[in-house]
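One-letter residues, chain by chain:
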Amino acid sequence: MAFMGKKRSALAGLCVLAFTGQVAAADLVGQPVADYCRVATTSNLVLTENTGELTAEVVRLMDEAVAAANSSQWIDSKRPVFVWASEAKVACGMAYGYLRTNTRDEDTLNKCECFHSRMVEYMN
């Protein structure tokens with residue numbers, strides 16, 4: 001019986017190690033996402049004064065990101081288009097949600113444009 005207990009403990013330890021390895025592997029080269037998407041200046045979205053034009057542009061970027069995230073071309077690709085499309089659709093969706101409540105959240109607008117730009121950069 002003691003042997004079985006040791007075997008289970010060893011198996012549990014291996015499971016913990018395997019899980020820990022997966023968490024580390026999911027980290028993009030050990031860098032936070034912010035390092036991958038620096039916005040040196042204010043995005044064009046933030047500079048857009050007309051709320052109708054801003055909303056239309058955010059929806060356009062979001063629609064393009066959703067299309068890329070749903071495309072098997074990018075899901076199956078070795079390029080990180082799917083990752084940036086997923087980030088862009090979330091950021092643009094949040095920016096759109098804020099705009100629907102008449103709030104211009106600069107952080108989400110900057111992320112929307114930046115993540116979309118990264119997506120497009122990896123498509124080419």
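For the structure, see preceding data.
Quick look at the structure, then. Please read these numbers as outputs of a predicted model, since none were measured by experiment.

Notes on the overall build of the chain
No. 1: The helix and strand inventory of the chain stands at seven helices and zero strands.
No. 2: Put simply, the chain runs from its N terminus to its C terminus through helices and strands in the order α-α-α-α-α-α-α.
No. 3: When burial is assessed residue by residue, the chain has 25% of its 124 residues classed as buried.
No. 4: Of the contacts formed within the chain by residues at least 6 apart in sequence, a portion of 70% connects residues at least 24 apart.

Examining unusual backbone geometry
No. 1: The phi angle at Asn 102 is positive, at roughly 60°, despite the residue not being glycine.
No. 2: With respect to the helices, strands and loops of the structure, Asn 102 is situated in the loop between α6 (81–100) and α7 (106–123).

Side note on helix α4 (residues 51–70)
No. 1: With 20 residues, α4 should cover 28 Å at 1.5 Å per step; its first-to-last C-alpha distance of 28 Å lies within 8% of that length.
No. 2: For α4, the secondary structure elements touched by its buried residues are α3 (44–47), α5 (72–75), α6 and α7.
No. 3: Sitting at the head of α4, Asn 50 places a side-chain oxygen 2.8 Å from the backbone nitrogen of Gly 52.

Some words on the packing of α4 against α6
No. 1: Remark: α4 packs on α6, axes separated minimally by 8 Å, with the N-to-C direction vectors making an angle of 150°. By the criterion of interaxial angle, the relationship of α4 to α6 is roughly antiparallel. Where α4 crosses over α6, the handedness of that crossing is left-handed. Here Leu 54, Thr 55, Val 58, Val 59, Leu 61, Met 62, Ala 65, Val 66, Ala 68 and Ala 69 of α4 come into contact with α6, specifically with Val 81, Phe 82, Ala 85, Ser 86, Ala 88, Lys 89, Cys 92, Gly 93, Ala 95, Tyr 96 and Leu 99.
No. 2: Its residues assigned to classes, the contact of α4 with α6 shows 17 nonpolar, three polar and one charged.

So, the packing of aromatic side chains
No. 1: Summed over the entire model, instances satisfying the criterion amount to one aromatic pair.
No. 2: Plain terms: the ring middles of Trp 84 and Phe 115 are 5.5 Å apart, the flat faces sit at 45° to each other, and that makes the pair tilted. Residue Trp 84 is found in helix α6, and its partner Phe 115 is found in helix α7; the two are separated by 31 residues along the sequence.
No. 3: Among the residues examined, Trp 84 registers a relative accessible area of 4% and is labelled buried.
No. 4: Judged by relative accessible area, which is 7%, Phe 115 ranks as buried.

About the criteria used
Within each chain, residue numbers correspond to sequence positions counted from 1 in written order. The predicted origin of the model limits local features to residues at a pLDDT of at least 70 and limits the giving and counting of side-chain atom pairs to 80 or more, whereas totals for whole chains, interfaces and linings rest on all residues. Excluded from the side-chain calculations are hydrogens and water; all other atoms, namely the structure's heavy atoms, are used. Secondary structure elements follow DSSP: runs of H or I of four or more residues count as helices, runs of E of two or more count as strands, with numbering from the N terminus. When a residue's accessible area, from a 1.4 Å probe over protein chains only, is under 20% of the maximum for its type it is buried; when over 50% it is exposed; and in between it is partly exposed. A contact between two residues is defined here by any heavy atoms of the two lying within 4.5 Å. Any helix carries an expected span of 1.5 Å times its number of residues minus one. Each polar contact in these results corresponds to two N or O atoms within 3.5 Å; when the atoms are within protein, one needs to be able to donate a hydrogen and the other to accept it, and residues that are neighboring in sequence are counted only if both atoms are side-chain atoms. Inter-axis angles, ranging from 0 to 180 degrees, are taken between N-to-C directions of lines fitted to C-alpha atoms, where helices are fitted over the stretch in contact. Oblique is the label for any angle not covered by the other classes, which are roughly parallel (under 35 degrees), roughly antiparallel (over 145) and roughly perpendicular (65 to 115). Crossing handedness: left-handed means the near helix sits turned counterclockwise from the far one by under a right angle, and right-handed means the same turn made clockwise. In this classification, the charged set is Asp, Glu, Lys and Arg, the nonpolar set is Ala, Val, Leu, Ile, Met, Phe, Trp, Tyr, Cys and Pro, and all remaining amino acids, among them Gly, are polar. In summary, the pairing rule links any two rings of Phe, Tyr or Trp, Trp by its six-membered ring, whose centres are within 6.5 Å, and it sorts them by plane angle into stacked for under 30 degrees, edge-to-face for over 60 and tilted for everything else.

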